[in-house]
Amino acid sequence: KKTNLFLLFFILYILYSSRMFLYLFSAGFVSGLLVTILFHPYDRALFLSVRLRRPFLTRSHWRQPFDGLLATLASRSLSAGLYLPLEDGARIMVNSIFPNGGRVATILAGNTAGILNALCLAPVAAVKYRTWGSDNDSAEKKKAITTKPRNVQ
């Protein structure tokens, strides 16, 4: 029942404060775009170094630095865009439950927003990492959205 009440609160919050939602979402979305474009080559090289168990500065990690950028742009921009309205709504809800919550209320609101954001965007993140593939594995990129991951039953 608490979960249903929580979701109902968020839906009502978004419907009644759509202008604030749009402002917060836009601010997060734009910051997500900028950060993604700036740091994508480093994120991809780090991912490949861990996945392929090679040093971070291996030359092949940097040959196509913007490979998979579109999926990463979608994921990061949506994540950043959704976080601010979710955190704002969670803060309002937590403050109504714990009026003098202080730092604990802030921590609860931030964690609630992060959990909801992760639940919403886990499928997008799975596609993003599948499209990064390996150095030049275009066949894997084509199958990224249509194939079933190995460990899923």
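Residues numbered from 1 in each chain as written. Predicted model: local features only at pLDDT ≥ 70, side-chain atom pairs only at ≥ 80, totals over all residues. Heavy atoms only, no water.

What follows covers the overall build of the protein chain. Looking only at helices and strands, the protein chain features 5 helices and 0 strands. Put simply, the protein chain runs from its N terminus to its C terminus through helices and strands in the order α-α-α-α-α. For the protein chain, contacts bridging at least 24 residues in sequence account for 71% of all contacts bridging at least 6. Carbon together with sulfur atoms contributes 67% to the accessible area of the protein chain, which is approximately 10300 Å² in total. (Helix = DSSP H or I, 4+ residues; strand = E, 2+ residues; numbered from the N terminus. Contact = heavy atoms within 4.5 Å. Areas by Shrake-Rupley, 256 points an atom, 1.4 Å probe, with all protein chains shown as cover.)

Moving on to a nonpolar patch on the surface. A contiguous nonpolar patch, built from Val35, Leu38, Phe39, Tyr42, Leu46, Val50, Phe56 and Leu57 and spanning about 800 Å² of accessible area, is present on the exposed surface. By the secondary structure assignment, Phe56 is in the loop between α2 (18–52) and α3 (69–97). Among the residues examined, Phe56 registers a relative accessible area of 31% and is labelled partly exposed. (Patch = residues over 30% accessible without salt bridge, like charges linked within 9 Å, V, L, I, M, F, W, Y side chains within 5 Å. Salt bridge = Lys/Arg side-chain N within 4 Å of Asp/Glu carboxyl O. Buried < 20%, exposed > 50% of the residue type's maximum accessible area, 1.4 Å probe, protein only.)

This part covers the pattern of salt bridges. In the structure shown here, the tally under the stated rule is 3 salt bridges. One salt bridge in this structure joins Arg76 and Asp43, with 2.4 Å as the shortest N-O distance. On the criterion of sequence distance, the pair formed by Arg76 in helix α3 and Asp43 in helix α2 is long-range, its members being 33 residues apart. By relative accessible area, which is 26% here, Arg76 ends up partly exposed. Here Asp88 ties to Arg91 by a salt bridge, and the two come within 2.1 Å at their closest N and O atoms. Here Asp88 and its partner Arg91 are both found in helix α3, 3 residues apart, which amounts to about one turn of the helix.

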